[in-house]
Amino acid sequence: QVQLVESGGGLVQPGGSLRLSCAASGSSFSSYAMGWYRQAPGEQRELVARLTSGSSTTYTDSVKGRFTISRDNDKNTAYLQMNSLKPEDTAVYYCNAARQLSPNRYTSGYWGQGTQVTVSS
């Protein structure tokens, strides 16, 4: 069992930066693939970035070069550094911890409660 708590969301102007944190409780944090998803109003939840236990990263095209996912296994925490934010990045951001079944398959895993990110002037 893993419990995830996100923090770091808020209101930021276009072009600004935020760093989201996801603190995990439970065992074997380092063995999970950690992902950040987002869901805008009226939209489906989408994968933003994923970092596997083997340090492989995946980013959705719209955030490549702007967002960076990382993790600190000693602190049981995952991060999402978001730079050059745009209004279209506005969404609730969710942290996910999942087991990797194969190179492109993951369990549904565990979810945090979400943190709101609003990019607006």
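This text goes with the structure placed above it.
Residues numbered from 1 in each chain as written. Predicted model: local features only at pLDDT ≥ 70, side-chain atom pairs only at ≥ 80, totals over all residues. Heavy atoms only, no water.

Student: Give me the lowdown on the environment of Ser 120, citing residues and values where you can.
Tutor: Within the fold, Ser 120 resides in the segment after β13 (115–119). Note on Ser 120: relative accessible area 38%, which makes it partly exposed. Ser 120 sits 30 residues away from Thr 90 along the chain, and the two C-alpha atoms are 8.3 Å apart. Residues in contact with Ser 120, not counting those within four places in the same chain, are Leu 11, Val 12, Gln 13 and Pro 14. (Helix = DSSP H or I, 4+ residues; strand = E, 2+ residues; numbered from the N terminus. Buried < 20%, exposed > 50% of the residue type's maximum accessible area, 1.4 Å probe, protein only. Contact = heavy atoms within 4.5 Å.)

Student: Got a sec to walk through the packing of aromatic side chains? Specific residues and values, please.
Tutor: This structure, assessed with the given rule, holds two aromatic pairs. Taking 6.2 Å as the distance between ring centres and 75 degrees as the angle between the ring planes, the aromatic pair formed by Tyr 32 and Tyr 110 counts as edge-to-face. Here the residue Tyr 32 occupies a position in the loop between β3 (18–25) and β4 (33–39), and Tyr 110 occupies one in strand β12 (residues 110–111), the gap between them amounting to 78 residues. Residue Tyr 110 is classed as partly exposed on the basis of its relative accessible area of 26%. Judged by centre distance (4.8 Å) and plane angle (65 degrees), the rings of Tyr 37 and Trp 111 are edge-to-face. Of this pair, Tyr 37 sits in strand β4 while Trp 111 sits in strand β12, placing them 74 residues apart in sequence. Given a relative accessible area of 14%, Tyr 37 falls into the buried group. (Phe/Tyr/Trp six-rings, centres within 6.5 Å; stacked < 30°, edge-to-face > 60°.)

Student: Tell me about the nonpolar core, residues and numbers included.
Tutor: Core analysis: the biggest nonpolar cluster contains 28 residues, and Leu 4, Met 34, Trp 36, Phe 67, Leu 80, Met 82 and Tyr 93 have the highest contact counts within it. Contributions of two or more residues to this core are made by β3, β4, β5 (46–51), β7 (67–72), β8 (77–82), β9 (91–98) and β13. Residues within four places of Tyr 93 in sequence aside, it is in contact with Glu 6, Leu 20, Trp 36, Tyr 37, Arg 38, Val 48, Phe 67, Leu 80, Met 82, Gly 114, Thr 115 and Val 117. (Core = buried A, V, L, I, M, F, W, Y, C linked by side-chain atoms within 4.5 Å.)

Student: Please give an account of the sheet that holds β8 that cites residues and values.
Tutor: Strand order in the open sheet formed by four strands is β1-β3-β8-β7, and the pairing between neighbours is antiparallel. Taken across any chain shown, the strands that pair with only one partner, and hence form the sheet edges, are β1 (3–7) and β7. With direction set aside, neighbouring strand axes in the sheet form an average angle of 15 degrees. Relative to β8, β7 runs antiparallel, the two sharing six bridges. Within β8, the residue paired with Ile 69 across the bridge is Leu 80. (Pairing = 2+ DSSP bridges. Axes fitted to C-alpha atoms, helices over the stretch in contact; angles between N-to-C directions.)

Student: How would you explain the pattern of salt bridges if you had to name every residue and give the values?
Tutor: The tally for this structure, following the rule as stated, stands at four salt bridges. Residue Asp 89 pairs with Arg 38 through a salt bridge whose shortest N-O separation is 3.0 Å. With Asp 89 in the loop between β8 and β9 and Arg 38 in strand β4, the pair connects residues that are 51 residues apart, well separated along the chain. Arg 38 shares its class with Asp 89; the two are buried. (Salt bridge = Lys/Arg side-chain N within 4 Å of Asp/Glu carboxyl O.)

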